[in-house]
Amino acid sequence: MAEKTPMKPVMIIYGERKNDLQKKAIEILSEYILDFTFEYTPCYKYGAFANTQDYYTIYIGTKQNNPYIKENSTAVLTKAEEYYIKADKDGVIIEGYDDLGVLYGCVDYYNRYLVEQDFMIGNTLGRDGDVMGDFELQSAPAIKNRGLWTWGHVIYDYKGYIDNMLKLKMNTLIMWNEYVPLNAKEIYEYAHSSGVKLVWGFTWLYNFNKPMDLSSIYDKVDGIIEEFERDYKDISGDGIYFQTFTEYNQENANGVDIAKTATDFVNHVAGRFYEKYPNLEIQFGLHATSCKNKLDILKNVNPKIQIVWEDCGAFPFAYSPMQVSNFDETYEFAEKIATLRGEKENFGVVLKGCTCLDWAKFKHHDGPFNIGVSSKRMKENRIERKSRSWRWAQTYWVVNGKYAQKMIKMLCDKTGGNMWMTDLVEDGMFEEKIYLPVAMFAELMWDPDIDFDYLYRLVTLRRNVEYTN
């Protein structure tokens, strides 16, 4: 057997470390490497350390801020968040089109490359003499806005939740609350430090629980605007998301046509908002269960408003990932709504099939509080309680995940990727563990054309993905 030449120690040479995204890229890459080497990796700005020939050097940055990458990378990057990775026995280049592209390149250096090397090199990243394999990948997201939807009060560690989103290259979070969190500004700032846009969700007259005089609902408009200005305008955010009386299984409630009433009301309230805040991102969370046969009415929703559809039928719109019996019908409906108001439809979806609130135990809150701050013991207890739900979801994502892939690919193709796509992942302790279904969903949003067997292999190889037993 030929004698092996031990691999050199690892070093990171970065372009800049001035903003949060640049700092995060260095941090997450160092974290991944430490998991193999068990030694901290020295990190230097380009030009600050001369003897790089003594190290297995990983160069990260853009052509604008890292001269080594400008001189040695042949990649032509043209899209936001795009990255290029080239690795061989001598070292690595991780280039981004922008800072977020660099960050995602560092994430996928692990997700796409190191995970495939793990078995060959053991725990020591080549220190036993194994040579790192050659690798080259240029990649950009297929869908522009990718992320999660959740009630805020069931996040028990907001930093962990956002950190795990980052490790899945997600950039969008819609958080629904009854009361604006006391620490809303801190949550927003942390999200942005990880490249995640944060949209605040609250109600615009949620339902028709009581008979309602149609003229009276417009008396509530001033209150809706006042709530925004009092609670949300000054805490920072990337938009607002609302729901308003469409979560029914029938088209009429108390003698009221839901689609027509919702369309008129939403257009009126949004118009009032746009008069004062013309650049405000407004998202209308619409439940298809009450409106599936009223598309001719819904197409009159102001095209500036983004319609975010949910409950459109089978998985991946259904809560249960085993519910695929009416998939073809759901697929045809989704094709229609993706361009309902034209080829440049302002379109979004909330997909499901992971975890959700236990509505049997739900109770309303009495006032605002800090979200995402809890003890280690509290989190450990909830992880154990949620493991059965994840095991079930995991099983059917493996069995039926190709249905989700087909739907996501079609929606991406119909919109050219210019859409908001989120998955409902709430009350499942995602902040502590990246569960297999969420990892699969994230990769499908980034690349709906990925081979499904390859996708499954990639996510199950990752040490940070939980395969629930």
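Keep in mind the model is a prediction, meaning the values are calculated, not measured.

**Q** Any chance you could break down the confidence of the model for the protein chain for me, citing the residues and the numbers?
**A** Parts of the model with low pLDDT should not have their predicted coordinates read in detail. Taken residue by residue, the protein chain gives an average pLDDT of 92. The fraction at 70 or more is 94%. Long-range and interchain partners of residues 1-5, a stretch whose pLDDT sits below 50, account for four contacts in this model, where long-range means more than four residues apart.

**Q** Could you give an account of the environment of Gly101, with specific residues and numbers?
**A** Within the secondary structure, Gly101 is located in helix α3 (residues 99-121). Its relative accessible area of 0% is what places Gly101 among the buried residues. Gly101 sits 80 residues away from Leu21 along the chain, and the two C-alpha atoms are 9.6 Å apart.

**Q** A description of the sheet that holds strand β4 (residues 83-88) should follow, citing residues and the corresponding values.
**A** Taken together, the six strands give an open sheet; going across it, the order is β2-β1-β3-β5-β4-β6, and neighbouring strands pair in mixed fashion. The open sheet terminates on both sides in strands that have one partner only, identified here as β2 (43-45) and β6 (135-139). Within this sheet the neighbouring strands show an average axis-to-axis angle of 10°, counted without direction. As paired elements, strand β3 (residues 56-61) and strand β5 (residues 91-96) share five bridges and run parallel to each other. Looking across to β5, one finds that Ile58 is bridged to Val92.

**Q** With reference to specific residues and values, describe the nonpolar core.
**A** Counting residues in hydrophobic clusters, the biggest one holds 155 residues, and the most contacted among them are Ile60, Tyr109, Phe273 and Trp309. When residues of this core are assigned to their parent elements, the largest contribution, eleven residues, is made by α3. Apart from residues no more than four positions distant in its own chain, Ile60 is found in contact with Ile12, Ile13, Tyr14, Gly15, Ala25, Ile26, Leu29, Asn66, Ile69, Ile94, Val102 and Cys106. Counting residues in hydrophobic clusters, the runner-up holds five residues, among them Met11, Ile13, Ile69 and Ile93.

**Q** Residue-level account of the pattern of salt bridges, with values.
**A** Counted according to the given criterion, the structure contains 30 salt bridges. Glu189 is the partner of Lys185 in a salt bridge, and the nearest nitrogen-oxygen pair spans 3.7 Å. Residue Lys185 and its partner Glu189 are both found in helix α5 (residues 184-193); the two are separated by four residues, about one turn of the helix. The class for Glu189 is partly exposed, based on a relative accessible area of 43%. Taken together, the shared-partner salt bridges connect Asp108, Arg112, Lys169, Glu443 and Arg462 into one network.

**Q** Which residues make up the state of the cysteines, and what are the values?
**A** Tallying each qualifying case throughout the model produces zero disulfides. This cysteine, Cys43, is not joined by any disulfide, and Cys106 carries the nearest cysteine sulfur, 10 Å off. A residue is classified by how much of its surface remains accessible, and Cys43, at 29% relative accessible area, is partly exposed. Looking at the unpaired Cys291, the closest cysteine sulfur is the one in Cys312, lying at 10 Å.

About the cut-offs
- Residues numbered from 1 in each chain as written.
- Predicted model: local features only at pLDDT ≥ 70, side-chain atom pairs only at ≥ 80, totals over all residues.
- Heavy atoms only, no water.
- pLDDT = per-residue confidence, 0-100.
- Contact = heavy atoms within 4.5 Å.
- Helix = DSSP H or I, 4+ residues; strand = E, 2+ residues; numbered from the N terminus.
- Buried < 20%, exposed > 50% of the residue type's maximum accessible area, 1.4 Å probe, protein only.
- Pairing = 2+ DSSP bridges.
- Axes fitted to C-alpha atoms, helices over the stretch in contact; angles between N-to-C directions.
- Core = buried A, V, L, I, M, F, W, Y, C linked by side-chain atoms within 4.5 Å.
- Salt bridge = Lys/Arg side-chain N within 4 Å of Asp/Glu carboxyl O.
- Disulfide = S-S within 2.5 Å.

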